[in-house]
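An overview of the molecular structure
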Amino acid sequence: MNKIKINEDIDLRNTLFSGQAFRWYLKDDWYYGYINNSFIKIRIIDKHMEYESCMGKPCESEIIEYFNLKLTYKKIFSKIEDKYCLLAYKELNGLKILNQDPWECLISFIISAWSNVPKISKTINDLCVELGDKQVIGDEIGYTFPSPSIISTKNEKILRKFGLGYRSKYVLNTSRLLSENLNIIYELFEKTYDEALNVLLEFPGVGDKVANCVLIYSLKKHFAFPVDLWVDRILVQDYGIDKKMPLIKKRKWAQNYFGDHAGIIQHFLFHYKRKYNQ
DNA sequence: TATCCACCTGA
DNA sequence: CAGGTGGAT
């Protein structure tokens, strides 16, 4: 059994089921999912993460990167005085913001538009089962997330069968744009938040919310701040922001208020609101 | 620039 | 009605 020593607390349930990733599931005390598009099972026992993957992928360094284990949350929140942030941090200790694969993340959040977590997960899973490659760990079967060139060979009608609905043409056209050169999104790691945001907004089905999700959940832009329905409620109900304020203004207000790690704070507030508040 | 609404689908 | 976007006004 492979093991990684864990220094900070990790809460796998809150981390993997807080709406930032959609393909993890729990079975027999193990969490099954994908890191860099490779099937893996993990669990935490006595300050160690135990894992089993297929043929050495993902490797230890990829897992550490995926869970952002080098980032010290305590340090980030020690500079925060806001009471809601501190409450969410206290209640959700061990929640991590993941570094997912940007391509899968981009398509997943395009699919997430005006939907709900169970349906998003089902749709993505159907897509992978139909178009991805099979991977096996023990008795469990997994499927990789299909590449842009594979999705590009399909048409809107086929994608609708997977339950994508009107998002089908967004997924198809975004895939087509990236099928020639997927590097366009991996190059965003090197770009600033604003530059990367503007590149993402060019893709069909990607607005300010989806782009900011991709930036915070896969491209390590901690300043990114997705304003969805729940975060909007938080800003209006808890921070007294005018409900009528346009979405982008709300986002900028929050980034200014919360600072460099606004996106990380956002995820704590978001998950806390969903879990404990109405 | 700011508001309005169609767009798939399943609970 | 649900974790938006794009197009029109």
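Presented here is an overview of the structure given in this document. Because the structure is a prediction, the values reported are computed rather than measured.

**Here we look at the overall build of chain A**
Counting its secondary structure elements, chain A contains 15 helices and seven strands. When the backbone C-alpha atoms are referred to their principal axes, chain A occupies close to 45 × 45 × 35 Å. Long-range contacts, defined as pairs at least 24 residues apart, comprise 65% of the intrachain contacts of chain A with a sequence gap of at least 6. Accessible area of chain A: about 13500 Å², with a carbon and sulfur share of 50%. Looking at charge distribution, chain A has the averaged site of its 40 positive side-chain charges lying 5 Å from that of its 34 negative ones.

**Looking at the sheet that holds strand 4 (residues 38–45)**
Strand order in the open sheet made by the five strands is 1-5-4-3-2, with antiparallel pairing throughout. Of all strands in the sheet, those bounded by a partner on one side alone are strand 1 (2–5) and strand 2 (25–27). Across the sheet, the axes of successive neighbouring strands diverge by a mean angle of 35 degrees, strand direction being ignored. The sheet contact formed by strand 2 and strand 3 (residues 30–35) spans three bridges and is antiparallel. Paired with Leu26 across the bridge in strand 3 is Tyr31.

**Overview of the layout of surface pockets**
What the largest pocket holds in volume is close to 600 Å³. For the lining of the largest pocket, the residue count by class is 16 nonpolar, eight polar and four charged.

**Notes on the nonpolar core**
Phe77, Leu200, Phe258, Ile264 and Phe268 are the most contacted members of the largest nonpolar core, which has 66 residues in total. Residues Ile10, Leu12, Ile64 and Leu98 belong to the second largest nonpolar core, which totals 18 residues.

**Points about the protein's contact with DNA strand B**
For DNA strand B, the full set of nearby residues is Trp114, Lys119, Arg160, Gly165, Tyr166, Arg167, Lys244, Pro246 and Lys249. When the atoms of DNA strand B within 4 Å of the protein are sorted by group, sugar and phosphate make up 64%. One nitrogen or oxygen atom from the side chain of Arg160 is found 2.4 Å from a phosphate oxygen belonging to DNA strand B. In terms of residue class, the surface near DNA strand B is made up of three nonpolar, one polar and five charged.

**A look at the side chain of Ser152**
You can see Ser152 is positioned in helix 7 (residues 148–152). Leaving out residues up to four positions away in the same chain, Ser152 has contacts with Leu172, Ser175, Arg176 and Ser179.

**Some details on the protein's contact with DNA strand C**
Not every one of the 23 residues close to DNA strand C is listed here, only the nearest: Gly19, Trp114, Gly205, Gly207 and Arg274. Among all atoms of DNA strand C positioned within 4 Å of the protein, those belonging to sugar or phosphate total 59%. Take Val206: an N or O atom from its main chain is 3.5 Å from a phosphate oxygen of DNA strand C. Contact between DNA strand C and Lys209: a phosphate oxygen at 3.5 Å from a main-chain N or O atom of the residue.

**Quick notes on helix 15 (residues 262–276)**
When the terminal C-alpha atoms of helix 15 are compared, their 21 Å separation across 15 residues agrees well with the 21 Å that a helix rising 1.5 Å per residue should span. Summarising the contacts, the buried residues of helix 15 are in contact with helix 1 (12–16), helix 3 (73–78), helix 4 (83–91), helix 12 (208–217), helix 13 (229–239) and helix 14 (247–258).

**Quick look at the side chain of Thr123**
Here Thr123 shows up in helix 6 (residues 117–131). Setting aside its immediate chain neighbours within four residues, Thr123 contacts Ile111, Phe162, Gly163 and Leu164.

Definitions and limits used
Residues numbered from 1 in each chain as written. Chains lettered and ligands numbered in written order. Predicted model: local features only at pLDDT ≥ 70, side-chain atom pairs only at ≥ 80, totals over all residues. Heavy atoms only, no water. Helix = DSSP H or I, 4+ residues; strand = E, 2+ residues; numbered from the N terminus. Contact = heavy atoms within 4.5 Å. Areas by Shrake-Rupley, 256 points an atom, 1.4 Å probe, with all protein chains shown as cover. Lys, Arg positive; Asp, Glu negative; His and termini not counted. Charge placed at Lys NZ, Arg CZ, Asp CG, Glu CD. Pairing = 2+ DSSP bridges. Axes fitted to C-alpha atoms, helices over the stretch in contact; angles between N-to-C directions. 1 Å grid on protein atoms, 1.4 Å probe; cavity = no way out; pocket = protein on both sides within 12 Å on 5 of 7 lines; lining within 4 Å. Points joined across faces, edges and corners; volume = space filled by probe spheres on them. Nonpolar A, V, L, I, M, F, W, Y, C, P; charged D, E, K, R; others polar. Core = buried A, V, L, I, M, F, W, Y, C linked by side-chain atoms within 4.5 Å. Buried < 20%, exposed > 50% of the residue type's maximum accessible area, 1.4 Å probe, protein only. Near = heavy atom within 4 Å. Polar contact = N/O pair within 3.5 Å; in protein donor to acceptor, adjacent residues only side chain to side chain. Expected span 1.5 Å × (residues − 1).

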